[in-house]
Amino acid sequence: MTVTLTQPTGPAHTRVLAYGAARGENAVPNDDIVGPIDSSDEWIRQRTGIVTRVRADAGTDAIDLAATAAAEAVAKAGIDPSAVDAVIVATISNPKQTPSVSAIVADRIGANPAAAYDVNAACAGFAYGIAQADALIRAGAAHYAVVVGAEKLSDIVDPTDRSISFLLGDGAGAAVVGPSDFPGIGPTVWGSDGSKADAVGMNHTLVEFRDGTAPWPTLRQEGPTVFRWAVWEMVKVARRALEAAGVEASDLAAFVPHQANMRIIDEFAKQLGLPDTVIVGRDIETTGNTSAASIPLATHRLLEEHPELSGGLALQIGFGAGLVFGAQVIVLP
Ligand SMILES: CC(C)(COP(=O)(O)OP(=O)(O)OC[C@H]1O[C@@H](n2cnc3c(N)ncnc32)[C@H](O)[C@@H]1OP(=O)(O)O)[C@@H](O)C(=O)NCCC(=O)NCCS
């Protein structure tokens, strides 16, 4: 071989520079949805901690939510949108298989011609996206990346389904990742368990729907199976993310788990032995479970309500359909 290829390297460190958020326009309280599932406001509050969830107008889609959140994050990061050269959108609810949400979002926020692709990792999608943005920048493949979790889950719920529909909301959360003088994104602990693929996901295929052999596909889950997996297996993943980052639970300023169920969040906090000084994201109470959007939405809210968290460490962990999971410790912007 006579020629040697150039292989780029990037900066040694990355961090999250800023967050943006967009929630569905409408607050939908438990009483509005309990009829078709023979449930009650009390049952939903006790079993999930949800009081109300946000859902988007018919005319608002996941792309609109994603673009609003991404534009806020870029503005807050104080960078020119044209400096963004990678846009990664995690979503499972785009009703079009192609084109991607990310390419349209990149164009709308002024980042055209950034590299753009969607990630299908359900409720772990945002943590997956952060892992990728960090790796792309440190490898020299991008300078500034926008990572968005965006979902309009209300389009893929069956109002008569008791297993998951009442949990779900619509929204998008975004983060700008860029170069840093210090390590701002810890090692990602991530993985999958496809042997449990049937535990949560769509109940039918689009082909079955086309052929008239099944109704419009909607989300279903084996709630108790996912609950047990989350409580037992995900705590181990959270501990591994702390270890990999070289920090203790008591070093954290915040803990932002996927907003799946308040009981799961409480159990995590207990099993991790989080001291009272660690502020826990509990956005689920008024936003519901927004899958890939839940972690950045919860983080955005924590930073608004507790600006003193800025510069502190946050442990984030996402888990869901696949099954897939991802966790890392980050420095809050
Ligand atoms: C879905 C979930 C809230 C259900 O709560 P749960 O405590 O596991 O409830 P169970 O399914 O064991 O059912 C308990 C009882 O409530 C009833 N029930 C189930 N769903 C109900 C509903 N939506 N409304 C009212 N009652 C319901 C059941 O029939 C059962 O009644 P029984 O005791 O008379 O038999 C919970 O399992 C959960 O949050 N799972 C994990 C979700 C998650 O992390 N997903 C990740 C991907 S997003």
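The chain appears in an unreviewed UniProt entry as Beta-ketoacyl-[acyl-carrier-protein] synthase III from Microbacterium telephonicum. According to its UniProt record, the chain has this under Sequence similarities (unreviewed entry): "Belongs to the thiolase-like superfamily. FabH family." Per UniProt, the chain carries the Subcellular location (unreviewed entry) text "Cytoplasm".

What the five strands build is an open sheet, ordered E8-E14-E13-E11-E12; its pairing is mixed. Sheet topology places strand E8 (189-192) and strand E12 (279-280) at the edges, where each strand pairs with a single neighbour. Pairing of E8 with strand E14 (residues 324-331) involves four bridges; the strand directions are antiparallel. When the sheet's bridge partners are listed, Gly191 is paired in E14 with Phe325. Here helix H9 (residues 294-305) sits on the sheet and contacts strand E11 (254-257), E12 and strand E13 (313-320); the angle it forms with E11, its principal contact strand, is near 150°.

Many descriptions give the size of an interface as the accessible area lost when the pieces come together. According to the domain assignment, the chain contains domain 1 (13-180) and domain 2 (189-331). Spacing between the C-alpha centres of domain 1 and domain 2 amounts to 14 Å. Taken residue by residue, the interface counts 48 residues in domain 1 and 46 residues in domain 2. Where domain 1 abuts domain 2, roughly 3,700 Å² becomes buried across the two surfaces, and 63% of that area is made up of carbon and sulfur atoms. Among the residues of domain 1 in contact with domain 2, Tyr19, Arg23 and Cys123 are the three that bury the most area, contributing 18% of the side total. Across the domain 1-domain 2 interface, the total number found is three salt bridges. With a shortest N-O distance of 3.0 Å, Asp283 and Arg23 are connected by a salt bridge. Across the contact surface, domain 1 and domain 2 share 22 residue pairs in polar contact (both at pLDDT 80 or more). Sorting the residues of the side of domain 1 that touches domain 2 by element identifies strand E1 (13-23), helix H1 (41-48), strand E3 (52-55), helix H2 (62-77), helix H4 (125-138), strand E6 (144-152) and strand E7 (170-180) as the ones contributing at least two each.

Our next topic: the site of the ligand. Around the ligand lies a shell of 20 residues, among which Ser39, Arg47, Gly223, Asn261 and Asn289 are the nearest. One of the side-chain nitrogen or oxygen atoms of Arg47 is found 2.7 Å away from an oxygen atom of the ligand. The separation between a nitrogen atom of the ligand and a polar main-chain atom of Arg162 is 3.2 Å. Compared with its free state, where it exposes 960 Å², the ligand has 72% of that area covered by protein. Residue assignment for the shell around the ligand shows that the elements contributing at least two residues are H1, helix H6 (223-245) and helix H7 (262-271). Sort the elements by how many residues they give to the shell around the ligand and H6 lands first, with four residues. A domain-level breakdown of the shell around the ligand finds at least three residues from each of domain 1 (13-180) and domain 2 (189-331).

Attention now goes to the side chain of Gln316. Relative to the helices and strands, Gln316 resides in strand E13. Beyond its immediate stretch of four places on either side in the chain, Gln316 contacts Tyr19, Phe126, Ile130, Val256, Ile295, Gly326, Ala327, Gln328 and Ile330.

Tallying each qualifying case throughout the model produces six aromatic pairs. Arranged with centres 6.1 Å apart and planes meeting at 65°, the rings of Phe255 and Phe268 form a pair that is edge-to-face. Here Phe268 lies in helix H7 and Phe255 lies in strand E11, a separation of 13 residues in the sequence. Look at Phe255 and you get buried, because its relative accessible area is 0%. The class for Phe268 is buried, based on a relative accessible area of 2%. Ring geometry for Phe268 versus Phe319: centroids 5.8 Å apart, planes at 80°, classification edge-to-face. Of this pair, Phe268 sits in helix H7 while Phe319 sits in strand E13, and the two are 51 residues apart along the sequence.

Calculation notes
- Residues numbered from 1 in each chain as written.
- Predicted model: local features only at pLDDT ≥ 70, side-chain atom pairs only at ≥ 80, totals over all residues.
- Heavy atoms only, no water.
- UniProt positions renumbered as here; feature names shortened; annotations may be inferred.
- Pairing = 2+ DSSP bridges.
- Helix = DSSP H or I, 4+ residues; strand = E, 2+ residues; numbered from the N terminus.
- Contact = heavy atoms within 4.5 Å.
- Axes fitted to C-alpha atoms, helices over the stretch in contact; angles between N-to-C directions.
- Domains from an automatic or database assignment.
- Buried area = accessible area lost by both parts, 1.4 Å probe.
- Salt bridge = Lys/Arg side-chain N within 4 Å of Asp/Glu carboxyl O.
- Polar contact = N/O pair within 3.5 Å; in protein donor to acceptor, adjacent residues only side chain to side chain.
- Near = heavy atom within 4 Å.
- Areas by Shrake-Rupley, 256 points an atom, 1.4 Å probe, with all protein chains shown as cover.
- Phe/Tyr/Trp six-rings, centres within 6.5 Å; stacked < 30°, edge-to-face > 60°.
- Buried < 20%, exposed > 50% of the residue type's maximum accessible area, 1.4 Å probe, protein only.

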